[in-house]
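Letter by letter, the chains look like this.
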Amino acid sequence: QVQLVESGGGLVQAGGSLRLSCAASGSIFRINAMTWYRQDSGKQRELVADIRSGGSTNYADSVKGRFTISRDNARDTVYLQMNSLKPEDTAVYYCAADITLTTRATVRYWGQGTQVTVSS
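Quick look at the structure, then. Being a predicted model, the structure only gives us computed values, none of them experimental. (Residues numbered from 1 in each chain as written. Predicted model: local features only at pLDDT ≥ 70, side-chain atom pairs only at ≥ 80, totals over all residues. Heavy atoms only, no water.)

Glancing now at the state of the cysteines. Within this structure, the stated rule accounts for one disulfide. Sulfur-sulfur distance for the disulfide between cysteine 22 and cysteine 95 comes to 1.9 Å. Where cysteine 22 bonds to cysteine 95 through sulfur, the torsion about that S-S bond is close to 45°, and the disulfide is right-handed. Of the two residues, cysteine 22 is situated in strand β3 (residues 18-26) and cysteine 95 in strand β9 (residues 91-101); the sequence distance between them amounts to 73 residues. Residue classification places cysteine 95 among the buried residues on the basis of a relative accessible area of 0%. (Disulfide = S-S within 2.5 Å. Helix = DSSP H or I, 4+ residues; strand = E, 2+ residues; numbered from the N terminus. Buried < 20%, exposed > 50% of the residue type's maximum accessible area, 1.4 Å probe, protein only.)

Here it is as structure tokens:
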């Protein structure tokens, strides 16, 4: 029905930047909130940032001032611009989207995850 495809992860030195993308496709009527999570091995998944359909945003305290979430509604895509990266940002990053389908059912979909590794 719907796919979320992530891209943009990789290896970067501390202080560097990466930009993650997550594109949705399929039987989409409307995309509501879009969220980035991350999970490092042995740790719980944590919310990084989210953005509502109207554009309001929310960030984890640990990334405020360094990460920026944005969305392109025409492309059904959400972005995460990550600046001033730290080794503790190392994790698998997942996007999630609350999508109202053409059937009018609303379902949360998840991307496959993309690895971000920050070396010190």
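Here the narrative resumes.
A separate point is the sheet that holds strand β7 (residues 67-72). Overall, antiparallel pairing links the four strands, which are arranged β1-β3-β8-β7 in an open sheet. Looking along the sheet, the strands with just one partner apiece sit at the ends: β1 (2-7) and β7. Looking at each pair of strands side by side, their axes are set apart by 15° on average, direction ignored. Of the pairings in the sheet, the one linking β7 to strand β8 (residues 77-82) comprises six bridges and is antiparallel in character. Bridging from a neighbouring strand, arginine 71 pairs with valine 78 of β8. (Pairing = 2+ DSSP bridges. Axes fitted to C-alpha atoms, helices over the stretch in contact; angles between N-to-C directions.)

Let us look at the nonpolar core. If you look at the biggest cluster of nonpolar residues, it comprises 32 residues, and the most contacted ones within it are Trp36, Leu80, Met82, Tyr93 and Ile99. Elements that contribute at least two residues to this core include exactly β1, β3, β4 (28-39), β5 (46-51), β7, β8, β9 and β11 (114-119). With six residues, β9 is the single largest residue contributor to this core. Ignoring sequence-local partners within four residues, the contact set of tyrosine 93 consists of Glu6, Leu20, Trp36, Tyr37, Arg38, Val48, Phe67, Leu80, Met82, Gly113, Thr114 and Val116. (Core = buried A, V, L, I, M, F, W, Y, C linked by side-chain atoms within 4.5 Å. Contact = heavy atoms within 4.5 Å.)

Here we come to the packing of aromatic side chains. Throughout the structure, instances matching the rule amount to one aromatic pair. Seen from their ring centres, tyrosine 37 and tryptophan 110 are 5.1 Å apart, and the 40° between their planes marks the pair as tilted. A residue pair is termed long-range when its members are at least 10 positions apart, and tyrosine 37 in strand β4 and tryptophan 110 in strand β10 (residues 106-110) qualify at 73 residues. Residue tryptophan 110 is classed as partly exposed on the basis of its relative accessible area, which comes to 37%. (Phe/Tyr/Trp six-rings, centres within 6.5 Å; stacked < 30°, edge-to-face > 60°.)

This part covers the pattern of salt bridges. All chains considered together, the criterion is met by six salt bridges. The salt bridge involving lysine 64 is made with aspartate 61; its shortest N-O contact spans 3.1 Å. Residue aspartate 72 is joined to arginine 75 by a salt bridge in which the shortest nitrogen-to-oxygen separation is 3.2 Å. For aspartate 72, a relative accessible area of 24% puts it in the partly exposed group. Note on arginine 75: relative accessible area 60%, which makes it exposed. (Salt bridge = Lys/Arg side-chain N within 4 Å of Asp/Glu carboxyl O.)

Two strands pair when backbone bridges link them, and β4 and β5 are joined in this way by five bridges, in the antiparallel orientation. Bridge assignment links threonine 35 to a residue of β5, and that residue is aspartate 50. Between β4 and the antiparallel strand that follows it, β5, lie six residues; glycine 42 among them carries a positive phi value of about 80°.

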